[in-house]
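Residue strings, one per chain:
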Amino acid sequence: MCPGLAGQSPEEGWQLYTSAQAPDGKCVCTAVIPAQSTCSRDGRSRELRQLMEKVQNVSQSMEVLELRTYRDLQYVRSMETLMRSLDARLRAADGSLSAKSFQELKDRMTELLPLSSVLEQYKTDTRTIVRLREEVRNLSGSLAAIQEEMGAYGYEDLQQRVLALEARLHACAQKLGCGKLTGVSNPITIRAMGSRFGSWMTDTMAPSVDSRVWYMDGYYKGRRVLEFRTLGDFIKGQNFIQHLLPQPWAGTGHVVYNGSLFYNKYQSNVVVKYHFRSRSVLVQRSLPGAGYNNTFPYSWGGFSDMDFMVDESGLWAVYTTNQNAGNIVVSRLDPHTLEVMRSWDTGYPKRSAGEAFMICGVLYVTNSHLAGAKVYFAYFTNTSSYEYTDVPFHNQYSHISMLDYNPRERALYTWNNGHQVLYNVTLFHVISTAGDP
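Residues numbered from 1 in each chain as written. Predicted model: local features only at pLDDT ≥ 70, side-chain atom pairs only at ≥ 80, totals over all residues. Heavy atoms only, no water.

Looking up the protein chain in an unreviewed UniProt entry gives the name Noelin-2 isoform X3, with the organism given as Octodon degus.

Trainee: A description of the overall build of the protein chain should follow, citing residues and the corresponding values.
Mentor: Per the secondary structure count, the protein chain includes five helices and 23 strands. Per-residue burial for the protein chain yields a buried fraction of 44% across its 437 residues. (Helix = DSSP H or I, 4+ residues; strand = E, 2+ residues; numbered from the N terminus. Buried < 20%, exposed > 50% of the residue type's maximum accessible area, 1.4 Å probe, protein only.)

Trainee: If you had to explain a nonpolar patch on the surface to someone new, which residues and values would you point to?
Mentor: There is a patch of nonpolar side chains on the surface, built from Tyr376, Tyr386 and Tyr388 and spanning about 340 Å² of accessible area. Structurally, Tyr386 can be placed in strand E20 (residues 385-392). (Patch = residues over 30% accessible without salt bridge, like charges linked within 9 Å, V, L, I, M, F, W, Y side chains within 5 Å. Areas by Shrake-Rupley, 256 points an atom, 1.4 Å probe, with all protein chains shown as cover. Salt bridge = Lys/Arg side-chain N within 4 Å of Asp/Glu carboxyl O.)

Trainee: Give a description of the packing of aromatic side chains that names residues and reports values.
Mentor: All chains considered together, the criterion is met by 25 aromatic pairs. Between Tyr215 and Phe234, the ring centres sit 6.0 Å apart and the planes meet at 50°, which makes this aromatic pair tilted. Residue Tyr215 is located in strand E6 (residues 213-217), and its partner Phe234 is located in helix H5 (residues 231-236); the two are separated by 19 residues in the primary sequence. We note that Tyr215, like Phe234, is buried. Judged by centre distance (6.4 Å) and plane angle (90°), the rings of Tyr219 and Trp300 are edge-to-face. Placement of Tyr219 in the loop between E6 and strand E7 (224-228) and of Trp300 in the loop between strand E12 (280-286) and strand E13 (307-311) is noted, with a sequence separation of 81 residues between them. With a relative accessible area of 23%, Tyr219 lands in the partly exposed category. On the basis of relative accessibility, which here comes to 10%, the residue Trp300 falls in the buried class. Put simply, the rings of Trp200, Tyr215, Phe228, Phe234, Phe240, Tyr413 and Trp415 touch in pairs and so form one group of aromatic residues. Geometry around Phe234 places Arg191 over its ring, the cationic atom sitting 5.6 Å from the centre. Sitting above the plane of the Tyr298 ring, Lys350 keeps its charged end 3.9 Å from the centroid. (Phe/Tyr/Trp six-rings, centres within 6.5 Å; stacked < 30°, edge-to-face > 60°. Lys NZ or Arg CZ within 6 Å of the ring centre and 35° of its normal.)

Here it is as structure tokens:
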């Protein structure tokens, strides 16, 4: 019999483990792990979040109205002073006004013309404020009911619980180790920014508290790299610094690994390691025989001859040479010296590939960069073998020019026709039981 696996407590229900016995007697245990932020998609949690957003919107509206009514009230009071002054002058005139005095009074009277519209707006705003106050009372009742149903937690408390559960989920995912790709989620559009081609990424080796995002627009001759403090800042387009690379880049296959950017130097087969903190090139080295300048790009072109990737086992380069007839070569690189540690010829023609990414030492290749693409081919470096796959891959914006796996987040980063998009991945895990070889 297969041993049971300990999961989370029933009330949290974030992880479900099942196990079965294979024909050879080994235990095959599958971990079905919900996608990140599953809790936020729960019906009541979602309703709570929507209500809180509505309360925030109502509060902002009331704040705007309060400022506007205050401004209007000040205007009415000033006009009241003007009206009293005009009334006094008219009474003092006692029916006789010179032409000059009459013109002065006429000019002052024109200042009163906006008063009627301001008063109408003031009345409308007052009615709106009454309606909004009633809406706030209704929302407060709904919030109280939902919070009582969800265990009398305040929204901030619930948010903290979600964050804690997500942290446990990520820790669990890391403990599960590597697995075979069996599914790619629907796309999650983070932002629409920049030109049709480009790349964006986070540091695959950074601690969880470091959520910086790097952004590189364009596919050749670029030198400008934007570093955003957090993903939230990237979405809002704020709080960033600029790095100006000493050599321009080619393609979109860049990767940030342990504080450095690895990229292909324009019009060469040179790999450059640029260190962000020191703002300097630590090392650069030619990749022997690698094609460049659109000699062996992916199907979309774009000087994508050399593609750098990071997975659970380290830094990789994907490219091709004349010697292997344009088939994809996968090489393990030493991240310190950029020397090739070992290479594999996959036998898959690079010009027929849409894009590619590495997960757990396996190269996965899509059959197109356009709509209708799927993960079509897998090459296993541990066994030097390959297989054809059929993993659906929803290409929402119909032109992918960058696709990279982040092992820290277990997500795919893509640049899709000017949109920065994320995909979650599903991996099948085989967990060996005690005593298995």
